[in-house]
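What follows is each chain in one-letter form.
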Amino acid sequence: MSTTPAPSCPFCAIPESAWLGQNELAFWVHDIAPSAPGHALVIPRRHVASFFELVPEERSGMLALLNEAKIVADERYRPDGYNIGLNDGEVAGQTVPHVHLHLIPRRAGDVPDPRGGVRWVLPETAPYWNR
Ligand code: 5GP
Ligand code: ZN
């Protein structure tokens, strides 16, 4: 599996010294523009755009680091919950075409009504409890 960095990819350009954790197939960092304190990105080493292009070992590597990032966030930020999200494809909101899993710590009261969480990517149909 080639891990040749893609020119002009911001994630391929993150130096190893800035990685907060890593394994053979993936690494994690804090988001440069965090949605909430401790917002982390788990990124495969290999530059591919879609989660569905990853091999199972890369997914496992990412999930192991998701757990590691969660443990670190629990200790440092003591959140009350998390959103875990992955935008796959431009129409789904992906702005960096190198797979990345968002881990967003949440706090009680950070929004007036958190119900629906990731469903709010499509606001019209998010509040299913109103149907
Ligand atoms: P997407 O919209 O593709 O799901 O998310 C891209 C995410 O990458 C955004 O949350 C954005 O703040 C983050 N991001 C963009 N460039 C960089 C960067 O150079 N370093 C880090 N750590 N995060 C970045
Ligand atoms: Zn890349």
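That block above? That's the structure.
Our subject in this report is the structure included herewith.

Cut-off values and rules
Residues numbered from 1 in each chain as written. Chains lettered and ligands numbered in written order. Predicted model: local features only at pLDDT ≥ 70, side-chain atom pairs only at ≥ 80, totals over all residues. Heavy atoms only, no water. Helix = DSSP H or I, 4+ residues; strand = E, 2+ residues; numbered from the N terminus. Rg over C-alpha atoms; globule rule 2.2 N^0.38 Å. Buried < 20%, exposed > 50% of the residue type's maximum accessible area, 1.4 Å probe, protein only. Areas by Shrake-Rupley, 256 points an atom, 1.4 Å probe, with all protein chains shown as cover. Near = heavy atom within 4 Å. Polar contact = N/O pair within 3.5 Å; in protein donor to acceptor, adjacent residues only side chain to side chain. Nonpolar A, V, L, I, M, F, W, Y, C, P; charged D, E, K, R; others polar. Salt bridge = Lys/Arg side-chain N within 4 Å of Asp/Glu carboxyl O. Donors = N, O, S within 2.8 Å, 3.2 Å for Na, K, Ca; no water. Tetrahedral: all angles 85-135°; square planar, octahedral: opposite > 155°, others 65-115°. Pairing = 2+ DSSP bridges.

1. Brief notes about the overall build of the chain
Part 1 of the reasoning: Within the chain one finds 1 helix and 5 strands.
Part 2 of the reasoning: When the helices and strands of the chain are listed from N to C terminus, the series reads β-β-β-α-β-β.
Part 3 of the reasoning: Relative to the 2.2 N^0.38 estimate, which gives 14 Å for 131 residues, the radius of gyration of the chain is 15 Å and therefore close to what a compact globule would have.
Part 4 of the reasoning: For the chain, the C-alpha atoms occupy an extent of roughly 50 × 35 × 25 Å along the three principal directions.
Part 5 of the reasoning: Per-residue burial over the chain gives 35% buried out of 131 residues.
Part 6 of the reasoning: Carbon together with sulfur atoms contributes 57% to the accessible area of the chain, which is approximately 8100 Å² in total.

2. Re the site of ligand 1
Part 1 of the reasoning: Taken together, 16 residues lie near ligand 1, and Asp 31, Asn 87, Thr 95, His 100 and His 102 sit nearest.
Part 2 of the reasoning: Between an oxygen atom of ligand 1 and a main-chain N or O atom of Gly 93, the distance comes to 3.1 Å.
Part 3 of the reasoning: The contact in question runs from an oxygen atom of ligand 1 to an N or O atom on the backbone of Val 96, over 3.0 Å.
Part 4 of the reasoning: When ligand 1 sits alone it has 520 Å² of accessible area, and the protein chains cover 79% of it.
Part 5 of the reasoning: In the shell around ligand 1, the residues fall into 8 nonpolar, 7 polar and 1 charged.

3. Brief notes about the pattern of salt bridges
Part 1 of the reasoning: For the structure on display, the rule yields 4 salt bridges.
Part 2 of the reasoning: Between Arg 46 and Glu 58 there is a salt bridge, with the nearest N and O atoms lying 2.8 Å from each other. On the criterion of sequence distance, the pair formed by Arg 46 in the loop between strand 3 (40–44) and helix 1 (56–77) and Glu 58 in helix 1 is long-range, its members being 12 residues apart. With respect to burial, Arg 46 and Glu 58 carry one shared label: buried.

4. Some thoughts on the coordination of the zinc ion (ligand 2)
Part 1 of the reasoning: Around the zinc ion (ligand 2), the protein supplies Cys 9 (SG), Cys 12 (SG), His 47 (ND1) and His 98 (ND1) as donor atoms, at distances of 2.1 to 2.3 Å.
Part 2 of the reasoning: The coordination sphere of the zinc ion (ligand 2) comprises 4 donor atoms, whose angles at the metal cover 102 to 118°; the geometry is tetrahedral.
Part 3 of the reasoning: Going along the chain, you hit the donors of the zinc ion (ligand 2) in the pattern C-x2-C-x34-H-x50-H. With a gap of 38 residues between them, Cys 9 in the segment before strand 1 (21–22) and His 47 in the loop between strand 3 and helix 1 connect regions that are remote in the sequence.
Part 4 of the reasoning: The exposure class of Cys 9 is buried, given its relative accessible area of 7%.
Part 5 of the reasoning: On the accessibility criterion, His 47 (26% relative accessible area) is partly exposed.

5. Some details on the pairing of strand 2 (residues 26–30)
Part 1 of the reasoning: Extensive coverage of strand 2 is indicated by the burial of 4 of its 5 residues.
Part 2 of the reasoning: Linking strand 1 to strand 2, which pair antiparallel, is a turn of 3 residues.
Part 3 of the reasoning: Here strand 2 pairs with strand 3 via 5 bridges, running antiparallel. Considered in strand 3, the bridge of Ala 26 is made with Pro 44.

6. Overview of unusual backbone geometry
Excluding glycine, residues mostly carry a negative phi; peptide bonds, for their part, are mostly trans.
Part 1 of the reasoning: At Ser 8, a residue that is not glycine, the phi angle is positive and equals roughly 65°.
Part 2 of the reasoning: Structurally, Ser 8 is set in the segment before strand 1.
Part 3 of the reasoning: Residues other than glycine seldom take positive phi values, yet Arg 78 does so here, at roughly 45°.
Part 4 of the reasoning: For Arg 78, the location among the structural elements is in the loop between helix 1 and strand 4 (81–85).
Part 5 of the reasoning: Assessed through its relative accessible area of 62%, Arg 78 is described here as exposed.

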